[in-house]
Amino acid sequence: ALGIDLALGSLIGLGIQMGVGAEAIQMAAVLSFSKSPWVMGNPLVHGTSSFNDNIRKSYVSRCHFDANLFSDPLAVMNLIWDYESHNDTHKWAKSHNVSLSQIRRLSSTTENLRKRVASYLGIPEGMLQVSRPPIEMSHGMVTILRIIQVWVFSATMIQIDSKTLQGLQKSHTKNGVSIDLRPGSDMVVRSDLEKIFMKDRHFFKLLQSSEIRQKGNFEYIPVGEPSPDNFINRLEAHLISFAIEKQFTFFCISFTNRVFVYAISGSETEKIVKKCLKPHRVEDSRVTLKIHSNEGKSGRCVRERTCGRWTVQRQSATKSGSNAQFLLWSRTCFEMSKQLLTKKAAPTKKGAKKVEAAKKDLKTIMTSLEELGRSGDYKCMMLRFPWASPKISASRRLNFDLVSFGTTNAMTPVDLRDVFGPCLGNATKQIAEKQKLQFLWCKSLPREFKGGNDKGVKMESSWERPLIKCIPEGARIVSVLVSSRRRDNIIKLVATEASTHDGEVDEDSDLSLFLPKSTNATFRWKRFNTTDAVYIDMNSVPATAVPVDSPDDLYCVCANALEVRGGGLRAEGLTLLPQGKAFLLLARFTFGLLRETNIDDDTILDKAMMWIGSNLGKAPKKILMGRIERAIDFHKSSLHLRETLQSFPEKVKQLLEIFDGIDGYEVKVWETLSSNPLIRKNVATHKRGFRKKNGKIVAKCQS
């Protein structure tokens, strides 16, 4: 007996048939080991500093040995290889935050399982030695190991659906991944955060912004005939001048029936703002701004102040030319139609629905613009009027609500009078400070550089073939710290002198950072095709992975799973699959893991493509349909293999051809496959020179 469960025995048997017997044996030994070789942190046992330090060191070490494979068992296989190649294991274990006793037991477990399998097959143990770690394996071998795990552990698959991924990717910006600190968080300084991040590995910024809200009222005194257009033109002139002087990226003026949005024409900000307004844009006109000349003027009139240094000249961009004195801003307007504004529009059900839809569109636009402002990436302001612009009349007291976002000061009383006129009532002011972490985009690299290219990475290693383009490691460490505290969505930090008001640090007081629920990896994963919760190891690299750009579904294989009350699943030994449904579907078809009772059903191809939908991954639709047919043929032609413990190179070649390019990389048969000792002709050759002696396989020449 091998001393392992049936699933791991199947893993070894299928590994032998598919040419990765030695690697499958080591993977089975790793998955049979119940404890993690890395030092773990517990917030109930360790202090704040010790807990954060253990979590960060262990996770960085896991990422180092994971090497962009996003697989727990493959990472541990890399760890074992590195451990067995070092002489000073004490120093090595300390540098990687590994428990020396656990890694010794794990290495011994691997060796014992290898001996038992070799004894069962009647071959020397040396024939089942792993020739290279997963980081240096050919991509074909790694792909085969992923496929076999789908075959064996198909009943314990977990997933993150595309809707959840889209929610997680909302924090992704051009510069990096942004994480807002929620209200109630303590104000921190960079030195507080540097205790949990590595300067040369985790590149981040601590951004601080403010949200200033000013409310008040004023008496509208029209210049000339009172009309909505005259009122808006006056506001527009002063606010655009103020925005240019204060370097705002955009601002808006909103009524209950109209929204005007202004942004620098041709800028990236304008494109982003317009996305918030689609498909509601009605009018998009350009405004040309020309600076006033104050030569020969004396005194401090409005033209010399912030709200009057620029004059608005309305004309098309083609007429304005390319004069350097001109700045181009765009104005986008959305307004309810005049028919909806009449009292006759609402009485009918159809008319009432149109009115409500228009009001909902306005609220959606303003909500989107506020989210842009609160993101901290833009310096902007929003002026709201709680009434419809057509009702403007002379000698009327009107209320306003002005909100400024970004690192800016409140509008001064002088500026407010310039905008709203001299008859300004008392204006209240509320200031809310806000902080945000931004992790900059950077390439994942190993901790230690040993040979290879200029980055210290061997060109044929898995570092150069990332399974997915993942968010920065620093952002994932935040997720691990939050998830380790379960439901609190909080990170604890030890205060430094810089973050205290009196310069004295209280050892018993910690800083608390409240983070969004989306940073907690506990709530992301669900059982395959269900909404049942999944409880995972928070330090797991595949469990905390979030793709940068693609919203396609994400699937993971769980080697060790335990059913819990309520339909949930406790999962360990995770291996991430290439993003999308294509890889998973092909892997299931090649092993006959179908829900259909008859694999010869003529509609099975159409049903498969219907299930995949737009989640094609990196495979074109036509190519994928052909691969599905070949996967079904592979399953039918492999039924005769049964439980034969020999390698079949021709089957390996067929399988790799089916999966070639599915994950974006070329998959080829590795060079050493033909010399695999478990191929029938090689097994016969090797057995001739050996015999059993006292339960061990020895050479015949030995007495």
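Remember, predicted model here, so these are calculated numbers, not experimental data.

Student: Sorry, what's going on with the overall build of the chain here?
Tutor: When helices and strands are tallied, the chain shows 21 helices and 19 strands. Roughly 34,200 Å² of accessible area belongs to the chain as shown, and the carbon and sulfur atoms make up 50% of that amount.

Student: Got a minute to help me understand unusual backbone geometry in this structure?
Tutor: Residues apart from glycine generally show negative phi values, whereas peptide bonds are mostly found in trans. We note that N68 has phi near 65°; this positive angle belongs to a residue other than glycine. Residue placement: N68 occurs in the loop between helix 3 (48-66) and helix 4 (72-84). The backbone of Q247 shows a phi angle near 60°, a positive value even though the residue is not glycine. On the secondary structure map, Q247 appears in the loop between helix 10 (228-245) and strand 4 (250-254).

Student: Help me understand the packing of aromatic side chains in this model?
Tutor: In this description, an aromatic ring pair is defined by two values, namely the gap between the centres and the angle between the planes. Tallied over the full model, the rule gives 21 aromatic pairs. Where W151 meets F591, the ring centres are 4.9 Å apart and the plane angle is 15°; that geometry is what we call stacked. With W151 in helix 7 (residues 139-152) and F591 in the loop between helix 17 (582-590) and helix 18 (604-612), the pair connects residues that are 440 residues apart, well separated along the chain. You can call W151 buried: its relative accessible area is 6%. Taken together, F218, F231, F255, F385, F400 and F420 form an aromatic cluster joined through their ring pairs. Above the face of the F204 ring, R190 is positioned so that its terminal group lies 4.2 Å from the ring centre.

Student: Would you mind showing me how to read helix 20 (residues 649-659) here?
Tutor: Given 3.6 residues per turn, any residue in an α-helix points the same way as the ones three and four places further on. Within helix 20 the residues assigned to the buried category are K651, V652, L655, L656, I658 and F659. Buried residues of helix 20, viewed axially, fall in a sector of 155°; they line one side. On its buried face, helix 20 sits against helix 1 (6-17), helix 7, helix 17 and helix 19 (621-637). At the C-terminal side of helix 20, G661 shows a positive phi close to 80°.

Student: Quick question: what am I supposed to make of the pairing of strand 1 (residues 157-160) here?
Tutor: Moving residue by residue along a regular strand, the side chains alternate between the two faces of the sheet. Burial along strand 1 is two-sided: M157 and Q159 and I158 and I160, pointing in opposite directions, are all buried. Taken together, the 4 bridges between strand 1 and strand 16 (residues 554-563) define a ladder with antiparallel strand orientation. The partner of Q159 across the bridge, within strand 16, is Y555. Across 2 bridges, strand 1 lies against strand 14 (residues 526-527) in antiparallel orientation. Within strand 14, the residue paired with Q159 across the bridge is K526.

Student: I tried to follow the side chain of S479 on my own but got confused; where do I start?
Tutor: Assignment of secondary structure puts S479 in helix 16 (residues 473-484). At a separation of 2.8 Å, a polar atom in the side chain of S479 contacts the main-chain carbonyl oxygen of T519. Setting aside anything within four residues of it in sequence, one finds S479 in contact with T519, A521, R524 and T544.

Student: Would you take a moment to explain the environment of E370 for this structure?
Tutor: Mapping E370 onto the fold places it in helix 14 (residues 349-374). Contact partners of E370, with chain neighbours within four places excluded, come to M382 and R384.

Student: Would you explain the sheet that holds strand 1 in this entry?
Tutor: Sheets are built from strands paired through backbone hydrogen bonds, the pairs being either parallel or antiparallel. With mixed pairing, the 5 strands of this open sheet are ordered in space as 14-1-16-17-15. The two strands at the open ends of the sheet, each matched to only one other strand, are strand 14 and strand 15 (534-536).

Student: Please clarify how the pattern of salt bridges should be interpreted in this entry.
Tutor: Side chains that carry opposite charge are capable of pairing whenever their charged atoms lie near each other. Summed over the entire model, instances satisfying the criterion amount to 19 salt bridges. Across the pair K271 and E268 runs a salt bridge whose closest N-O atoms are separated by 3.7 Å. Of this pair, K271 and E268 both sit in helix 11 (residues 268-277), 3 residues apart, roughly one helical turn. Look at the salt bridges and you will find they share partners, linking D53, R56 and K57 into a network.

Student: It is not clear to me how the side chain of T544 should be interpreted in this structure. Could you clarify?
Tutor: You can see T544 is positioned in the loop between strand 15 and strand 16. Given a relative accessible area of 1%, T544 falls into the buried group. Polar side-chain contacts of T544 include one of 2.6 Å to the side chain of Y59. At a separation of 3.1 Å, a polar atom in the side chain of T544 contacts the main-chain carbonyl oxygen of S540. Ignoring sequence-local partners within four residues, the contact set of T544 consists of Y59, R476, S479, V480, A521, R524 and M538.

Student: Help me understand helix 10, please; the structure alone is not making it clear to me.
Tutor: When the terminal C-alpha atoms of helix 10 are compared, their 26 Å separation across 18 residues agrees well with the 26 Å that a helix rising 1.5 Å per residue should span. Among the residues of helix 10, F231, I232, L235, E236, H238, L239, I240, S241, F242, A243 and I244 are the ones counted as buried. Following helix 10 by one or two positions, Q247 has its phi on the positive side, about 60°.

Student: How should the packing of helix 1 against helix 7 be read in this particular structure?
Tutor: Axes are the key here: two packed helices are described by the angle between their axes and the distance separating the axes. Packing of helix 1 against helix 7 brings their axes to within 10 Å, and their N-to-C directions diverge by 140°. Here helix 7 runs oblique to helix 1, going by the angle between their axes. Helix 7 is crossed by helix 1, and the crossing has right-handed handedness. Along the contact surface, helix 1 presents A7, S10, L11, L14 and G15, while helix 7 presents I148, W151 and V152. Looking at the contact of helix 1 with helix 7, its residues break down into 6 nonpolar, 2 polar and no charged.

Student: In this structure, what is going on with the environment of G21? I would like to understand it.
Tutor: Mapping G21 onto the fold places it in helix 2 (residues 21-32). For the pair G21 and L678, spaced 657 residues apart in sequence, the C-alpha to C-alpha distance is 7.9 Å. Ignoring any residue separated from it by four or fewer positions in sequence, one finds G21 in contact with G15, I16 and L678.

Student: Teacher, can you tell me more about the nonpolar core here?
Tutor: It is characteristic of soluble globular proteins that their nonpolar side chains tend to be buried jointly. Core analysis: the biggest nonpolar cluster contains 83 residues, and I103, I144, I148, F589 and I628 have the highest contact counts within it. With 9 residues, helix 7 is the single largest residue contributor to this core. What I628 contacts, discounting residues up to four positions off in sequence, is L585, L586, F589, L605, A608 and M609. One finds V60, F70, L467 and A571 within the second-largest nonpolar core, a separate group that totals 51 residues.

Student: Would you mind going over the confidence of the model for the chain with me for this structure?
Tutor: Segments scoring low in pLDDT should not have their predicted coordinates read at a detailed level. Summary statistics for the chain give a mean pLDDT of 82 and a share of 81% for residues scoring 70 or more. In the model, residues 449-457 has pLDDT below 50 throughout and makes 16 contacts with residues more than four positions away in sequence or in other chains.

Student: Would you explain the pairing of strand 4 in this entry?
Tutor: Taking burial as the measure, the 5 residues of strand 4 include 5 buried ones, the bulk of the element. Side chains F250, C252 and S254 of strand 4 all project onto a buried face; the interleaved residues F251 and I253 project onto the opposite face, where all are buried too. Linkage of strand 4 to strand 5 (residues 258-264), two consecutive antiparallel strands, is achieved through a turn of 3 residues. When strand 4 meets strand 9 (residues 380-384), the two strands line up parallel, connected through 5 bridges.

Student: How do you make sense of the environment of E136 when you look at a structure like this?
Tutor: Note on placement: E136 falls in the loop between helix 6 (100-121) and helix 7. Separated by 325 residues in the primary sequence, E136 and S461 place their C-alpha atoms 5.0 Å from one another.

Rules behind the numbers
- Residues numbered from 1 in each chain as written.
- Predicted model: local features only at pLDDT ≥ 70, side-chain atom pairs only at ≥ 80, totals over all residues.
- Heavy atoms only, no water.
- Helix = DSSP H or I, 4+ residues; strand = E, 2+ residues; numbered from the N terminus.
- Areas by Shrake-Rupley, 256 points an atom, 1.4 Å probe, with all protein chains shown as cover.
- Phe/Tyr/Trp six-rings, centres within 6.5 Å; stacked < 30°, edge-to-face > 60°.
- Buried < 20%, exposed > 50% of the residue type's maximum accessible area, 1.4 Å probe, protein only.
- Lys NZ or Arg CZ within 6 Å of the ring centre and 35° of its normal.
- Arc of directions from axis to C-beta.
- Contact = heavy atoms within 4.5 Å.
- Pairing = 2+ DSSP bridges.
- Polar contact = N/O pair within 3.5 Å; in protein donor to acceptor, adjacent residues only side chain to side chain.
- Salt bridge = Lys/Arg side-chain N within 4 Å of Asp/Glu carboxyl O.
- Expected span 1.5 Å × (residues − 1).
- Axes fitted to C-alpha atoms, helices over the stretch in contact; angles between N-to-C directions.
- Parallel < 35°, antiparallel > 145°, perpendicular 65-115°, else oblique.
- Left-handed = near helix turned anticlockwise from the far one by under 90°.
- Nonpolar A, V, L, I, M, F, W, Y, C, P; charged D, E, K, R; others polar.
- Core = buried A, V, L, I, M, F, W, Y, C linked by side-chain atoms within 4.5 Å.
- pLDDT = per-residue confidence, 0-100.

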